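Remarks on the overall topology
Letter by letter, the chains look like this.
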Amino acid sequence: MKENRTLRGTAPYPAPDLRQHPGRSQVGFVVLLLCFAVLLLVHPLPAHAYVGPGAGFAFISSFFTLLAAFFVGVFYLLSSPIRALIRAFVRGRRPTGGANRVVIIGLDGLDPQLAERFMEEGKLPHFKKLKDQGGFAPLATSYPAISPVAWSSFMTGVDASHHNIFDFITRDPDTYLPTLSSAQVMPPRRTLQIGPWTVPLGKARITGYRRSRTFWSVLGDRGVFSHIIRVPITFPVEKFNGLLLAGMCVPDLKGSQGSFTFYTSDPDDSREAGAGMKHLVRIKDGVIRTYLYGPNNPLRRNRKPLRIPLTITIRDSRRISIEVSGQRLELESEVYSPWVNLSFNIGLGFRVRGICRFYVKSIDPHLELYVTPIQIDPAKPALPVSHPFIYSVYLSKLLGPFATLGLAEDTSAFNEGFLDEKGFLEQAWLYHEEREKQFFNALDRTRQGLCVCVFDVTDRIQHMFFMSKSHQRVIEELYCRMDALIGKTLERLGKDDVLLVMSDHGFSPFKRGVNLNTWLFQHGYLVLKDRRTTGREWFKDVDWERTRAYSMGLAGIFINRKGREARGIVNPGGELSALKAELVRALTGLRDSATEQVAITRVVDTEKELPGPYASEGPDLLVCYNRGFRSSWECATGQVSDKVFDDNQKPWSGDHCMDPVMVPGVLFASRPLREQKPDIKDLAPTVLQLFGVPTPPYMKGKQVV
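Residues numbered from 1 in each chain as written. Predicted model: local features only at pLDDT ≥ 70, side-chain atom pairs only at ≥ 80, totals over all residues. Heavy atoms only, no water.

**Focus: a nonpolar patch on the surface**
A surface patch of nonpolar side chains, amounting to about 240 Å² of accessible area, comprises Leu192, Ile194 and Leu201. Mapped onto the elements, Leu192 comes out in strand β6 (residues 190-194). The exposure class assigned to Leu192 is partly exposed, which follows from its relative accessible area of 38%. (Patch = residues over 30% accessible without salt bridge, like charges linked within 9 Å, V, L, I, M, F, W, Y side chains within 5 Å. Areas by Shrake-Rupley, 256 points an atom, 1.4 Å probe, with all protein chains shown as cover. Salt bridge = Lys/Arg side-chain N within 4 Å of Asp/Glu carboxyl O. Helix = DSSP H or I, 4+ residues; strand = E, 2+ residues; numbered from the N terminus. Buried < 20%, exposed > 50% of the residue type's maximum accessible area, 1.4 Å probe, protein only.)

Structure representation (structure tokens):
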């Protein structure tokens, strides 16, 4: 199986210096982590396997990534003590600057208009204090205004054409199929088949596609130690002088970005679990005997999914008991279980381990049992979800088990009707409480240097409640709880500390979807086979020999370029330029006939507006939608539907994948702002300057605090 992504061009950035230089104040903490590593070697854990990202798409086999990751895990487990020991005794020069400690709280999706409104109403006293004593301004987001793009710009100080992240997914130009934009885990190049077994011959290949350097890596070269907690697009983890727990794009045990399981005894349940698995179960004498399914078995040629027996006993109309993986739990209706340890036997003495939570949605008249995506066990990871490898082990032993999935809040289960409002909100706040514990642990241990933590709950709840009936109550509570978080943080800061509170983008209602593939089909730019008038997902019915343009994901339009796409037909040079200009003219100002509103405010030629070395890797045209509009669900998955415009009827009612000027984020600072129009690319050089570290010439931002 070949690697799906080939990056063309080279970045004009220095290669990361992987030397480790912790400051004196961090040595004790690193030694503590070293003790954990020694204990792991003295009392070795059973070998564990793990699945890499990308297998949310059917064409990427979790079999390969699970097999590949097993060997990576063994290497990291054995080498962690050595690497930690080196870090403990190597000290770098500490630079002088304007701050002893810089603390950054990322509140994904916090909206400046809502923040201002709630401050004026007196509901956000700690945000108001920051605004009055320091500064507050809308924060210009990335092009396109999509979370992985924006957070990549935050950490590198460059735009998408320089860091190479344009969306959550992109297309493989060889197959036109989707692949995760951020990373991919590849198997050993060779395997040996022995009867029913598959034996790997070689080591795994883990590739990260984000380019440029993070500002905490630059700080590390100057001796500044950093704690980085759950910042998106930090998987796969990178070596630097500090501690990191990876965020968005860490996959679940099946290799997807979140695959839940749902059991129902209702034979008339017609819901489809597009992002998970639904099982119809039968109750016999008050007992259900079924299985909980994990990843495909990496050591067996038949690659059947691993499974664990699951026994469910109905106690009464409000209680059930569960027996799974050697554990017995009593569960009440509409209450989440604690994290449950799972162990899948793959053979030859190896086991795959994960964790999950159970939630009884209903018992009477039919059982409905939801199971979260099975996640990496942070106490026994076989593939690094932290740097160093043992950091997640340390946190789990100190604070208890926690969610490791990058997109942990299960918006898909809520969107598809397998979780209700109560179940989703309770899950989101459970994960947020875990994050707060991790953040304050890191903050208390960061006596000098940088501490960054990103909280996702602000993004997930606004996505799902922006236009719901309970919108006002839920959103207001969300902002008030974030204000309380800021208050607890301010109590821990000294006069020489700098606090920055920021978001990657704002929010808008998402009322109408736009299917660019349908528009391209209707205007002759995309052609279907066999005179079809609609096309299935992932371009299954597209005639590539006659198609000039297509759309995948949330960002825009790809041109079917000759020499780039496998079956490209558009010649580079004049033909390509003319086609892009034609599409820009036709789509700019496109109106929704049903509402008479402009749906597309403008279309950006990527290579003209973002002329970095990776511009041609992203969409050729970035489509900027008006507030209320976004790429439709069908368009994002490469479908051609029968309508260009359609109502968004899913619970996912808020979004930000629109014209970036319409959905800025926020920036609060404990010191006055130098600029009234800051940009998300400004955060990296700002932090460097606060520590007296010169800004690398490739960064595009400026100092704003």
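There is more to say after this.
**Quick look at the pattern of salt bridges**
Using the criterion set out here, one finds 41 salt bridges in the structure. Between Arg460 and Asp459 there is a salt bridge; the shortest N-O distance is 2.8 Å. Each member of the pair, Arg460 as well as Asp459, is classed as buried. Ionic contacts of the salt-bridge type, sharing partners, join the residues Arg171, Arg561, Arg564, Glu565, Lys580, Asp605, Glu607 and Asp620 into one network.

**Quick look at empty space enclosed by the protein**
Tallied over the full model, the rule gives five cavities of 30 Å³ or more. Taken as a whole, the largest cavity spans an internal volume of roughly 70 Å³. Lining of the largest cavity is provided by Tyr143, Pro144, Ala145, Ile146, Leu554, Ala555, Leu622, Val623, Cys624, Cys657, Met658 and Pro660. Classifying every residue of the lining of the largest cavity by side-chain character gives 12 nonpolar, no polar and no charged. (1 Å grid on protein atoms, 1.4 Å probe; cavity = no way out; pocket = protein on both sides within 12 Å on 5 of 7 lines; lining within 4 Å. Points joined across faces, edges and corners; volume = space filled by probe spheres on them. Nonpolar A, V, L, I, M, F, W, Y, C, P; charged D, E, K, R; others polar.)

**What about the environment of Ile229?**
Among the secondary structure elements, Ile229 is positioned in strand β9 (residues 226-229). C-alpha of Ile229 to C-alpha of Leu245: the two residues are 16 residues apart in sequence and 4.9 Å apart in space.

**Focus on helix α3 (residues 112-120)**
Within α3, the full set of buried residues consists of Pro112, Leu114, Ala115, Phe118 and Met119. All buried residues of α3 fall inside an arc of 160 degrees around its axis, so they share one side. Turned more than 90 degrees from where α3 packs its buried face, Gln113 and Glu120 sit exposed. Residues of α3 that are buried sit in contact with α4 (125-133), β2 (135-139), α11 (457-465), α12 (471-490) and β35 (665-669). The N-cap of α3, judged by a side-chain oxygen 3.1 Å from the amide nitrogen of Gln113 a few residues on, is Asp111. Following α3 by one or two positions, Gly122 has its phi on the positive side, about 80 degrees. (Arc of directions from axis to C-beta. Contact = heavy atoms within 4.5 Å. Polar contact = N/O pair within 3.5 Å; in protein donor to acceptor, adjacent residues only side chain to side chain.)

**Some words on the nonpolar core**
Side chains of nonpolar character tend, in soluble globular proteins, to be buried together. Residues Phe127, Phe439 and Ile461 are the most contacted members of the largest nonpolar core, which totals 61 residues. The leading source of residues in this core is helix α10 (residues 421-445), at eight residues. Not counting the four nearest positions on each side in its chain, Phe439 is found in contact with Val103, Ile105, Cys451, Cys453, Phe455, Leu485 and Thr489. (Core = buried A, V, L, I, M, F, W, Y, C linked by side-chain atoms within 4.5 Å.)

**Here we look at the packing of aromatic side chains**
A ring pair, where both rings are aromatic, is described by two values, the distance of the centres and the angle of the planes. Taken as a whole, this structure holds 29 aromatic pairs when the rule is applied. Plain terms: the ring middles of Trp519 and Tyr525 are 5.9 Å apart, the flat faces sit at 10 degrees to each other, and that makes the pair stacked. For the pair shown, Trp519 and Tyr525 are each scored as buried. Summarising the aromatic geometry, the rings of Tyr550 and Phe558 are spaced 5.6 Å apart at their centres and angled 20 degrees between planes, so their arrangement reads as stacked. Here Tyr550 and Phe558 have matching classes, each one buried. Put simply, the rings of Tyr176, Phe539, Trp544, Tyr550 and Phe558 touch in pairs and so form one group of aromatic residues. One cation-aromatic arrangement involves Arg307 over Tyr291; the distance from NZ or CZ to the ring centre is 3.7 Å. (Phe/Tyr/Trp six-rings, centres within 6.5 Å; stacked < 30°, edge-to-face > 60°. Lys NZ or Arg CZ within 6 Å of the ring centre and 35° of its normal.)

**A closer look at the sheet that holds strand β19 (residues 358-362)**
Spatially, four strands are ordered β12-β11-β20-β19 in an open sheet, and the strand pairing comes out mixed. On the outer flanks of this sheet lie β12 (276-280) and β19, each paired with one strand and no other. Neighbour to neighbour, the strand axes of the sheet diverge by 20 degrees on average, direction disregarded. Judged from the five bridges that link them, strand β11 (residues 260-264) and β12 form a sheet pairing that is parallel. Bridging across to β12, Tyr263 finds its partner in His279. (Pairing = 2+ DSSP bridges. Axes fitted to C-alpha atoms, helices over the stretch in contact; angles between N-to-C directions.)

**Details of the side chain of Ser321**
With respect to the helices and strands, Ser321 occurs in strand β15 (residues 319-324). Given the relative accessible area of 1%, Ser321 is considered buried. Polar contacts involving the side chain of Ser321 include one to the side chain of Arg315, which spans 3.2 Å.

**Looking at the side chain of His432**
Inspection of the secondary structure puts His432 in helix α10. Taking relative accessible area as the criterion, His432 reaches 3% and is therefore assigned buried.

**Digging into the environment of Leu579**
Structurally, Leu579 is set in helix α14 (residues 574-587). Relative accessible area serves as the criterion here: at 4%, Leu579 is assigned to the buried category. Sequence separation between Leu579 and Ile559 is 20 residues; the distance between their C-alpha atoms is 8.5 Å. When near neighbours in sequence (up to four residues on either side) are disregarded, Leu579 contacts Tyr525, Arg548, Ile559 and Val570.

**Brief notes about the packing of helix α8 (residues 391-399) against α10**
The geometry of α8 relative to α10 is characterised by a closest axis approach of 11 Å and an angle of 105 degrees between their N-to-C directions. By the criterion of interaxial angle, the relationship of α8 to α10 is roughly perpendicular. Contacts between α8 and α10 involve Tyr391, Tyr394, Leu395, Leu398 and Leu399 from the former and Lys437, Gln438, Asn441, Ala442 and Arg445 from the latter. Of the residues that constitute the contact of α8 with α10, the class distribution is six nonpolar, two polar and two charged. (Parallel < 35°, antiparallel > 145°, perpendicular 65-115°, else oblique.)

**Focus: the environment of Trp538**
Structurally, Trp538 is set in the loop between α13 (516-522) and β26 (549-552). Note on Trp538: relative accessible area 17%, which makes it buried.

**Quick notes on the sheet that holds strand β24 (residues 497-502)**
Each strand in a sheet pairs with another by means of backbone hydrogen bonds, the pair being arranged parallel or else antiparallel. Spatially, β2-β35-β24-β1-β23-β9-β10-β22 is the arrangement adopted by the eight strands of the open sheet, whose pairing is mixed. In this open sheet, the two strands that pair with only one neighbour each are β2 and β22 (386-387). As paired elements, strand β10 (residues 242-245) and β22 share two bridges and run antiparallel to each other. Residue pairing in the sheet places Leu245 in a bridge with Ser386 of β22. Here α12 sits on the sheet in contact with β1 (101-107), β23 (449-455) and β24, set at roughly 170 degrees to β1.

**Notes on unusual backbone geometry**
The residue after Tyr143, namely Pro144, is reached through a cis peptide bond having omega -5 degrees. Looking at the element boundaries, Pro144 is found in the loop between β2 and α5 (147-156). A cis amide bond, omega -5 degrees, links His387 with the succeeding residue Pro388. Checked against the element boundaries, Pro388 lands in the loop between β22 and α8. Despite not being glycine, Cys249 has its phi angle at roughly 90 degrees, a positive value. With a phi close to 50 degrees, Ser325 is a non-glycine residue in the positive phi region. Relative to the assigned elements, Ser325 resides in the loop between β15 and β16 (327-332). Taking the relative accessible area as the measure of exposure, Ser325 reaches 25% and is therefore partly exposed.

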